[in-house]
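Spelled out, the chains give:
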Amino acid sequence: MIWLSWRQFRVQALAGAVALAGIVAYLLYVGMDVREGYDVYQANCRGQGDCAQAKAQFRSAYENTLLFLAAGLALVPAVIGTFWGAPMIARELEGNTHTLAWNQSVTRPRWLLTKVLVVGVGAMVVTGVAGAALTWAAAPFDEVVKNQFSTFVFGARYIAPIGYAALAFTVGALAGLLLRRTLPAMALTLVGFIAFQFFFANVVRPSLVPAEHAALPMTAEAINEAQNLGSITGGSVISGIRVPDAPNAWIADISPLRTPDGKTLDSTKFGTCINTPPKTGAGGTFGDAAVCLAKYDLHVDVSYQPASRYWTFQILETVVYLALSGGLIALSLVRIRRPVS
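Keep in mind that what you see is a predicted model, and the values were worked out from it rather than measured.

Enquirer: Run through the overall build of the protein chain, naming residues and quoting values.
Expert: Across its full length, the protein chain holds eleven helices and five strands. Relative to the 2.2 N^0.38 estimate, which gives 20 Å for 341 residues, the radius of gyration of the protein chain is 25 Å and therefore markedly larger than a compact globule would have. Sorting the 341 residues of the protein chain into buried and exposed places 43% on the buried side. Surface accessibility of the protein chain: about 17,400 Å² in total, with carbon and sulfur atoms responsible for 62%. Of the side chains in the protein chain, 25 bear a positive and 20 a negative charge, and the two mean positions are spaced by 18 Å.

Structure, rendered in structure tokens:
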């Protein structure tokens, strides 16, 4: 049964191997280029003593490329689930070839489980190797930028992609078994898995481990260290701040700017400071606006995850995805026992 499953899968396996070879070759090239840029960054940082400028140059040179690659890797499990998982059972049922297999000595559950394991392991290997290659290529960049909790970055590093591949493939297999039509199963797998990825990253992941909480005073210096101030709705908000006691922490939630009594800063006062602040000649990213806002003795309440929990999140998320995959396999084994016309 294993040999038969392999023979049926060999064309997809060959295509996957060729694609993987191309991905790894390109990531080796990117990794060597990133390491050359890292050497330049270190030389400029030591030689001129201006590490901030050297870091900004190094980041701008590679950030977009690595984010594009991370986004591309995020699509690999979805594509595998769509083109490997969904047709695997649906095509058999559509072509009525399942009746031949089921009239042999192999039981339905064993037939299904063998197919799922052979092709599923292949999907996990392909995605895992691609993820490992990208993790290696981006290692110097990640060491400098330390943005490991970013949505795309987190999902494209270390072991998380393996869990994604397992779930995407089993979603496709179950969709094919239930719908019994290849194209609808492929469409459902692609849309459903991408939607689940978005939901998990933004809703479930922040809750995997209870967050730490802190109240951060928004001095002029702290405001100038932020990335953004204000919003398109005119709200009294700030983003891109850091927790001084937890460098490189993942900021899961930031409250609006609040006054000492805990109330949100009035939007009129906020708008005045942003648009027409008193001229003080202050420097920094937000200059006079930061000085104006600091006079209100503001603070923000933040929920965050320390950087030391990175591997905790990687392991927990992978375990959750593998557990969900096991659950879908169990559902498939229950469904396959029922008569299929």
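Enquirer: Account for the state of the cysteines, with residues named and values stated.
Expert: Note on terminology: a disulfide is the covalent bond linking the sulfur atoms of two cysteines. Summed over all chains, the structure comprises one disulfide. Two residues share a disulfide in this structure: Cys-273 and Cys-292, whose sulfurs sit 2.0 Å from each other. Negative torsions about the S-S bond denote left-handed disulfides, and the value of about -60° found for Cys-273 with Cys-292 makes this one left-handed. Of this pair, Cys-273 sits in helix H9 (residues 267-275) while Cys-292 sits in helix H10 (residues 287-294), placing them 19 residues apart in sequence. On the basis of relative accessibility, which here comes to 0%, the residue Cys-273 falls in the buried class.

Enquirer: I'd like a rundown of the sheet that holds strand S4 (residues 250-254), residues and numbers included.
Expert: The sheet built from three strands is open, its strands ordered S1-S5-S4 with antiparallel pairing. Single-partner strands in this sheet number two, and they are strand S1 (212-217) and S4. Strand after strand, the sheet turns through a mean of 35° between neighbouring axes, direction not considered. Sheet topology places S1 next to strand S5 (residues 299-305); six bridges connect them, and they run antiparallel.

Enquirer: Mind laying out the domain arrangement of the protein chain, listing which residues take part and the relevant values?
Expert: Its domain assignment divides the protein chain into domain 1 (1-207) and domain 2 (212-308). Using C-alpha coordinates to define each centre, domain 1 is positioned 38 Å away from domain 2. The interface of domain 1 with domain 2 comprises five residues on the first partner and five residues on the second. Surface buried jointly by domain 1 and domain 2 totals about 550 Å² across both partners, of which 64% is contributed by carbon and sulfur atoms. Three residues, Lys-146, Phe-149 and Pro-206, lead the burial of domain 1 against domain 2; their summed loss comes to 76% of the area buried on that side.

Enquirer: Would you mind going over the confidence of the model for the protein chain in detail, with residue names and values included?
Expert: Looking at the protein chain as a whole, its pLDDT mean stands at 85, while 90% of the residues score no less than 70. Mean pLDDT values for the elements of the protein chain range from 58 in helix H3 (residues 98-102) up to 93 in helix H11 (residues 310-336).

Enquirer: Let's hear about the packing of aromatic side chains: which residues, and what values?
Expert: Applying the stated criterion across every chain, the model contains 20 aromatic pairs. Here the aromatic rings of Phe-149 and Trp-250 are separated by 5.2 Å at their centres, their planes lie at 15°, and the arrangement is stacked. Taken together, the positions of Phe-149 in the loop between helix H4 (108-145) and helix H5 (151-154) and Trp-250 in strand S4 put the pair 101 residues apart, joining distant regions of the chain. By relative accessible area, Phe-149 is classed as buried at 7%. Relative accessible area serves as the criterion here: at 15%, Trp-250 is assigned to the buried category. Measuring from centroid to centroid gives 5.0 Å for Phe-200 and Tyr-321, while their planes differ by 65°, and the two rings are edge-to-face. One end of the pair, Phe-200, is in helix H7 (residues 182-204); the other, Tyr-321, is in helix H11, and 121 residues separate them in sequence. In terms of burial, Phe-200 and Tyr-321 fall into one category: buried.

Enquirer: Describe the nonpolar core, naming the residues involved and giving the relevant values.
Expert: Core analysis: the biggest nonpolar cluster contains 38 residues, and Phe-58, Leu-66 and Leu-134 have the highest contact counts within it. Among the elements of the structure, helix H1 (2-48), helix H2 (51-95), H4, helix H6 (160-179) and H11 are those that each provide at least two residues to this core. Discounting chain neighbours no more than four positions away, the residues touching Leu-66 are Val-30, Leu-134, Ala-138 and Phe-141. Among the nonpolar cores identified, the runner-up in size contains 22 residues, and Ala-222, Ala-249, Phe-270 and Leu-293 belong to it.

Enquirer: Which residues make up unusual backbone geometry, and what values do they have?
Expert: Even without glycine at this site, Arg-180 takes up a positive phi of about 65°. Inspection of the secondary structure puts Arg-180 in the loop between H6 and H7. In this structure Arg-180 comes out as partly exposed when scored by relative accessible area, which is 26%. The backbone of Asp-297 sits at a positive phi, close to 55°, despite the residue not being glycine. Along the polypeptide, Asp-297 turns up in the loop between H10 and S5.

Rules and cut-offs
- Residues numbered from 1 in each chain as written.
- Predicted model: local features only at pLDDT ≥ 70, side-chain atom pairs only at ≥ 80, totals over all residues.
- Heavy atoms only, no water.
- Helix = DSSP H or I, 4+ residues; strand = E, 2+ residues; numbered from the N terminus.
- Rg over C-alpha atoms; globule rule 2.2 N^0.38 Å.
- Buried < 20%, exposed > 50% of the residue type's maximum accessible area, 1.4 Å probe, protein only.
- Areas by Shrake-Rupley, 256 points an atom, 1.4 Å probe, with all protein chains shown as cover.
- Lys, Arg positive; Asp, Glu negative; His and termini not counted.
- Charge placed at Lys NZ, Arg CZ, Asp CG, Glu CD.
- Disulfide = S-S within 2.5 Å.
- Pairing = 2+ DSSP bridges.
- Axes fitted to C-alpha atoms, helices over the stretch in contact; angles between N-to-C directions.
- Domains from an automatic or database assignment.
- Contact = heavy atoms within 4.5 Å.
- Buried area = accessible area lost by both parts, 1.4 Å probe.
- pLDDT = per-residue confidence, 0-100.
- Phe/Tyr/Trp six-rings, centres within 6.5 Å; stacked < 30°, edge-to-face > 60°.
- Core = buried A, V, L, I, M, F, W, Y, C linked by side-chain atoms within 4.5 Å.

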